[in-house]
Every structure is written in C-alpha cells, then in structure tokens.
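Chains, contacts and geometry: an overview
Chain residues, written in single-letter form:
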Amino acid sequence: MDVLGSLGTHLACAPRGRDAELRGVALHDPAENTPAVAGDVLLGLGTPSVAAAVRLVSSTVASAVVLHGKPPLDERVVAAARKSGAAVLLVDPSVPWSQLANVTQTLVNGGTRTGDLFGLADVIAGVVGGPVTIEDQQSRVLAYSYRQEDVDPVRVQTILGRRVPEEARRALDEFGVFTHLASSDEPIFVPKLTPQLGNRLVAAVRAGRELLGSVWVEVTGPVDAARSAALVDGARTAALHLLRSRASTDLERQAEADLVIRLLEHPEAADVARLGLPSADLRVIAVQAHAGEGEHGAAVLAFQRATAGFGWSRPGRSALFGNVLYTVIPAADDAVEWVRSLQRELPPEATVLAGIGGPAEAAQLPTSRQEADECLALSTGAPVVYDEAWAQVLLHRLAAVAEAGRLPTRGPVSDLLRYDAECGTQYAATLRAWLAAQGDVRAAARELTVHPNTLRYRMQKMSEVTPLPLDDPGQRLAMAIALQIALHTTR
C-alpha cells in the first residue's frame with residue numbers, strides 16, 4: 001500500500017487489516033472465470049458496474065482486490081468485502097491496468113529487477129547507446145551510468161553538481177523539453193542547444209498522471225524506433241524504483257522525524273548516534289515556509305526537500321512539527337547557507353522565515369531549539385542567528401514579560417510615555433538617545449537632529465514631569481531596558 005499509494009491508490013477497506021502476506025497476482029477474466037487463490041492480489045478487470053464488483057469481491061478468496069474507481073467505496077462492495085474478508089483497493093481510473101499489473105507483480109513476486117537505479121542506468125546506456133542520467137522533477141541527479149567518457153561539459157557539471165546547471169536548464173525549458181515531459185510519455189530528441197550542451201534523448205518517468213522524473217541519454221543524433229522504445233521501457237522500470245524509493249523514504253522520514261522531535265524535547269546520546277550526528281557542536285534551525293493560501297503546503301514541501309538525500313549525505317536531520325520545520329545541523333556547517341539552499345529548492349513565490357539557535361551539545365538541544373524559535377519570531381526575511389541577535393532575543397523575552405503585565409507600569413519611563421501621548425512631546429525618545437550616547441549631549445543631539453541646547457532644555461522639562469535619577473547606574477540600565485521594551489512592543 002505504501003508504494004501503490006503513490007499511484008493514486010486508496011485502501012477502501014481491509015476487514016483483516018494490512019498485516020497480510022501476499023504471494024501472487026491474478027487477473028480477473030469474466031470470460032474464462034479463472035479463480036484466484038488465497039494470498040493473491042486480484043486485479044479486477046472487467047468490473048464495469050457496482051453489481052459486478054460486488055459479485056467479484058464477495059466470491060473471491062484472494063487477500064486483496066484492486067478496482068478502478070474513486071473513493072468512497074460503495075457500501076454494497078464494503079458489505080461484500082466483510083463477507084469474503086478481502087481488502088479492496090481503489091485505484092485512479094487514469095492508471096492503466098498494464099502499469100498497475102507491472103508494479104503489483106514487482107512488489108509481490110519481485111519481478112524482473114535490475115538492482116538499484118545506478119544499475120538500471122547502466123542497462124539503459126547499454127541498450128540505447130549513450131551515457132545516461134536519471135533525474136527527479138527538479139533536475140537533480142538520482143543516478144548515472146558507469147561509463148561517462150567523452151561527455152559534453154554540461155553532463156560533467158550535472159554529475160559533479162548533482163543537478164543540471166541553471167543555464168542549461170533554461171535552454172532546455174525554452175526548447176519545450178519540460179513542457180513535453182509534463183504531458184507525454186514519448187521520448188523527445190533535443191538537438192545541440194548550446195556549445196556546452198550536446199544532443200539528448202529524453203523520456204518521462206511517470207506513475208499514473210504524476211511525473212516522477214526523467215531519463216536522459218547523450219546521443220550523437222536522432223535514434224531509431226527500437227532504441228526509443230528501449231528508453232521508454234527503461235523509464236517505466238525507473239518509475240518502479242522511484243515508487244519503491246518514495247515509500248521507503250516516507251517511512252525513513254517518519255522515523256527520522258520521530259527521533260528529531262524526541263531529541264529536541266528529551267535528548268539522549270543514543271538518539272544522536274542513530275541520526276548520525278556528532279554529540280557536540282550542533283545547532284537547531286527553525287523554518288516556516290508559506291506560499292499562497294495553503295496553510296501547510298509549503299512547509300510540507302520544505303520538509304520533503306530537507307530530507308531528500310538521494311544516496312548522498314546531507315548535513316542535517318529534520319522533523320516537521322506543526323508548520324515549523326526543525327533541523328539539527330552540525331555547527332561546523334553554514335546554517336545560513338543551508339537555509340538559502342532550502343529556499344532555492346522551493347517555488348519562487350514561497351516566503352521563508354528562519355531562526356538559527358546557538359551552538360549546543362546534545363543535552364542542550366532543547367535550549368538551542370528555544371533560541372531558534374525566538375529568532376524565527378524576529379525573522380522578516382533573512383535568517384536570524386542567535387549568536388548575532390541575542391540582544392534582540394533578550395528584549396523580545398522581556399517584552400513578552402511586559403505584555404503579561406509582569407513589569408512595573410509606573411516609573412520614569414511610564415510617566416514620560418504617558419506625557420508624550422497626552423502632550424505630543426518626544427521626551428521618551430530624547431531620554432533613549434541620551435542614554436544610548438552615555439550622557440554625551442552633542443552625540444544625542446546629532447542622533448535626534450536637534451541643537452544641543454534644545455536637548456538640554458528638553459532634559460530640564462522632563463525632570464519636571466518625573467524624577468530622572470540619571471546619576472544612578474542601576475537606574476540608567478533599568479530605564480534603557482524599559483525604553484527598548486516599549487520600542488519593541490510598539491513596532
């Protein structure tokens with residue numbers, strides 16, 4: 001189900017649960033009435049009506065029956081499933097039975113397998129005749145064939161950089177390659193578009209309606225029908241690998257997320273080791289992503305991008321908690337660049353806010369997470385790093401205390417703020433400038449763009465409004481903090 005779910009398949013009912021061993025695949029043929037046996041997945045071809053589906057499901061001994069259709073499942077079929085005990089799977093009608101049979105056969109019986117994606121790339125290269133890369137939807141390289149001699153510069157950059165260079169991608173886009181891949185399974189021949197980019201034969205890797213990626217073969221010129229057909233077969237096999245990989249990756253993502261959340265709440269050395277992270281010098285990154293009206297769509301996409309490894313190591317380990325993506329990353333890595341790299345992977349319209357906690361040992365990760373959250377609250381675009389923004393974080397904390405009514409509401413600063421509000425004066429700003437200049441009247445006057453005598457006059461009038469104990473260092477510090485909190489809460 002984890003794999004078939006990627007093909008638009010819905011588990012409509014499972015009277016005996018999902019924990020069932022499958023041993024074979026059978027095709028329903030109304031003309032021959034070939035029976036399925038226990039442990040089979042029965043593909044329900046020739047069931048054009050609810051009545052036909054009820055007859056098939058109620059009479060079978062197969063463990064599962066696959067039908068074309070969209071949820072919800074008709075209650076009559078549900079009743080039939082309860083009678084026979086068969087699970088019923090509804091698959092999107094756009095998915096052809098041939099592809100569904102191929103995927104199911106591979107899942108249940110192993111089918112004809114070519115090893116991993118790199119092995120498949122070698123097979124395609126040998127049959128089609130040219131170096132191969134298999135790429136995902138974002139033109140990132142998932143695998144490539146063993147022999148890459150005499151390839152053009154773009155192919156070299158693609159493999160070394162693990163994605164198609166942006167200039168080459170623009171040229172391919174202008175030629176219409178990506179538009180073709182989005183709508184057609186037929187291979188497309190791409191002539192030499194730039195001096196760096198040679199001829200390519202490209203085919204889509206698709207599961208049902210969903211484009212999973214593409215297969216690229218560097219060729220010397222247009223190829224014959226047999227080689228094109230071989231590329232299409234290779235792309236279909238690649239789809240099986242990517243569906244398997246997606247199901248496996250989804251399970252791995254969930255396991256990783258559970259460990260990360262546990263690490264941020266109750267850190268243990270064993271969890272750090274399981275995640276492959278060092279036991280010290282770590283940071284927590286908190287990211288929020290928004291795009292359009294969807295509440296969590298961009299956040300989910302950010303989580304998928306952050307946890308996409310494709311066989312190559314990635315520095316961080318991530319979890320999506322609510323609409324916040326948390327990533328634990330070694331402090332030695334550039335956390336700001338990590339955020340920027342993630343932002344480049346998201347749609348251009350996505351807004352990304354990020355906060356980066358301070359360096360921490362494993363046991364201090366909850367503290368780094370709190371710092372990351374507080375920096376995230378301060379972010380308006382560029383990532384906010386606790387090391388540089390700790391003063392703003394402190395004032396933000398104090399402002400939160402003030403909003404809760406836990407700071408004094410009377411005193412010199414409160415008196416001046418009230419007087420300003422009532423009389424239109426700027427006494428609070430004047431006091432803030434004087435304190436920031438450490439009592440230097442001329443420096444404070446420059447900051448306020450007034451004459452020094454004007455500032456002196458204001459200070460005298462302020463002392464008539466409220467006592468100003470400017471000779472007391474503790475009082476000066478308290479007034480400076482209160483003014484900063486007042487400035488923060490009015491923004």
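The residue numbering used here restarts from 1 in each chain and proceeds along that chain's sequence as written. Confidence filtering applies because this is a predicted model: local features only for residues at pLDDT of at least 70, side-chain atom pairs given and counted only at 80 or more, and all residues used for totals across whole chains, interfaces and linings. Heavy atoms throughout the structure, all of them, feed into the side-chain values; hydrogens and water do not.

- You'll find the protein chain entered in an unreviewed UniProt entry as DNA-binding transcriptional regulator, PucR family, with Lentzea xinjiangensis given as the organism.

**Some points on the packing of helix H16 (residues 441-448) against helix H17 (residues 452-465)**
- Here an axis means a line fitted to C-alpha atoms, over the contact stretch when the element is a helix, while the angle between two N-to-C directions is reported on a 0 to 180 degree scale. Comment: elements are numbered from the N terminus, with helices defined as DSSP H or I runs of at least four residues and strands as E runs of at least two. Contact geometry for H16 and H17: axes closest at 8 Å, N-to-C directions at 100 degrees. Comparing their axes, H17 and H16 come out roughly perpendicular. Contact with H16, carried on its side by Val441, Arg442, Ala444, Ala445 and Leu448, involves Pro452, Leu455, Arg456 and Arg458 of H17 and no other residues of that element.
- Residue composition of the contact of H16 with H17, grouped by class: 6 nonpolar, no polar and 3 charged. Roughly parallel covers angles under 35 degrees, roughly antiparallel covers those over 145, roughly perpendicular covers 65 to 115, and oblique covers all other angles. We call two residues in contact whenever any of their non-hydrogen atoms come within 4.5 Å of each other. Residue classes follow a fixed rule: Ala, Val, Leu, Ile, Met, Phe, Trp, Tyr, Cys and Pro count as nonpolar, while Asp, Glu, Lys and Arg count as charged, and any other residue, Gly among them, counts as polar.

**Focus on the side chain of aspartate 40**
- Within the secondary structure layout, aspartate 40 lies in strand S3 (residues 40-43).
- If we skip the residues at most four places from it in the chain, aspartate 40 touches Gly24, Val25, Ala26, Ala62, Ser63 and Ala64.

**Remarks on the packing of aromatic side chains**
- Two rings from Phe, Tyr or Trp (for Trp, the six-membered ring) form a pair when their centres sit within 6.5 Å of each other. Planes less than 30 degrees apart are called stacked, planes more than 60 degrees apart edge-to-face, and all others tilted. Scanning all chains against the criterion turns up 3 aromatic pairs.
- Ring geometry for phenylalanine 178 against tryptophan 216: centres 6.4 Å apart, planes inclined by 55 degrees, an arrangement best described as tilted. Here phenylalanine 178, found in helix H7 (residues 177-183), pairs with tryptophan 216, found in strand S10 (residues 210-218); they are 38 residues apart in sequence, far enough to count as distant. In this structure, phenylalanine 178 and tryptophan 216 share a single accessibility class: buried.
- Ring centres 5.6 Å apart and planes at 10 degrees place the aromatic pair tyrosine 419 and tyrosine 427 in the stacked group.
- The exposure class of tyrosine 419 is partly exposed, given its relative accessible area of 29%.
- Its relative accessible area of 10% is what places tyrosine 427 among the buried residues.
- Between the NZ or CZ atom of arginine 169 and the centre of the ring of phenylalanine 178, over which it lies, the distance is 4.5 Å. Exposure is judged per residue with a 1.4 Å probe applied to protein chains only, and the accessible area is read against the type maximum: over 50% gives exposed, under 20% gives buried, and values in between give partly exposed. Cation placement over rings: the criterion is NZ of Lys or CZ of Arg within 6 Å of the ring centroid and within 35° of the ring normal.

**Here's the deal with the environment of histidine 180**
- Along the chain, histidine 180 falls in helix H7.
- Sequence separation between histidine 180 and serine 414 is 234 residues; the distance between their C-alpha atoms is 67 Å.
- Dropping the residues within four chain positions of it, histidine 180 is found in contact with Glu186, Pro187 and Ile188.
- Polar contacts, as counted here, are pairs of nitrogen or oxygen atoms within 3.5 Å of one another; within protein the pair requires one atom able to donate a hydrogen and one able to accept it, and residues that are adjacent in sequence qualify only if both atoms are side-chain atoms. Separated by 2.7 Å, the side chain of histidine 180 and the backbone oxygen of glutamate 186 make a polar contact.

**So, the sheet that holds strand S11 (residues 282-290)**
- Within the open sheet, the 5 strands sit side by side as S12-S13-S11-S14-S15. Their pairing is mixed. Among the strands making up the open sheet, the edge pair consists of strand S12 (317-321) and strand S15 (384-385).
- As paired strands, S11 and strand S14 (residues 351-356) are joined by 6 bridges and run antiparallel to one another. Bridged to valine 287 within S14 is alanine 354.
- Packing of helix H12 (residues 365-378) onto the sheet brings it into contact with S11, S12, strand S13 (324-330), S14 and S15, and relative to S11 it is tilted by some 35 degrees. Two strands pair under a simple rule: DSSP has to find at least two bridges between them.

**Some words on the environment of valine 223**
- Take valine 223: it is sitting in the loop between S10 and helix H8 (225-265).
- By relative accessible area, which is 17% here, valine 223 ends up buried.
- Residues valine 223 and leucine 201, 22 residues apart in the sequence, show an inter-C-alpha distance of 8.2 Å.
- Ignoring sequence-local partners within four residues, the contact set of valine 223 consists of Leu201 and Ser228.

**Let's talk about unusual backbone geometry**
- In this model, proline 71 is joined to proline 72 through a cis peptide bond whose omega is 5 degrees.
- The residue proline 72 is located in the loop between strand S4 (64-68) and helix H2 (75-84) in this model.
- Despite not being glycine, glutamine 438 shows a phi value in the positive range, around 55 degrees.
- Among the structural elements, glutamine 438 can be located in the loop between helix H15 (427-436) and H16.
- Even without a glycine there, the phi angle at threonine 449 is positive, about 55 degrees.

**Some points on the pattern of salt bridges**
- Here, a salt bridge means any side-chain nitrogen of Lys or Arg that lies within 4 Å of a carboxyl oxygen of Asp or Glu. Summed over all chains, the structure comprises 15 salt bridges.
- One salt bridge in this structure joins arginine 200 and glutamate 218, with 3.9 Å as the shortest N-O distance. With arginine 200 in strand S9 (residues 200-207) and glutamate 218 in strand S10, this pair connects stretches of sequence that are 18 residues apart.
- The class of arginine 200 is buried, set by a relative accessible area of 3%.
- Between arginine 236 and aspartate 233 there is a salt bridge, with the nearest N and O atoms lying 3.8 Å from each other. Linking arginine 236 with aspartate 233, this pair stays in helix H8, spanning 3 residues, or about one helical turn.
- Among the charged side chains, a network of salt bridges with common partners joins Asp136, Arg140 and Glu345.

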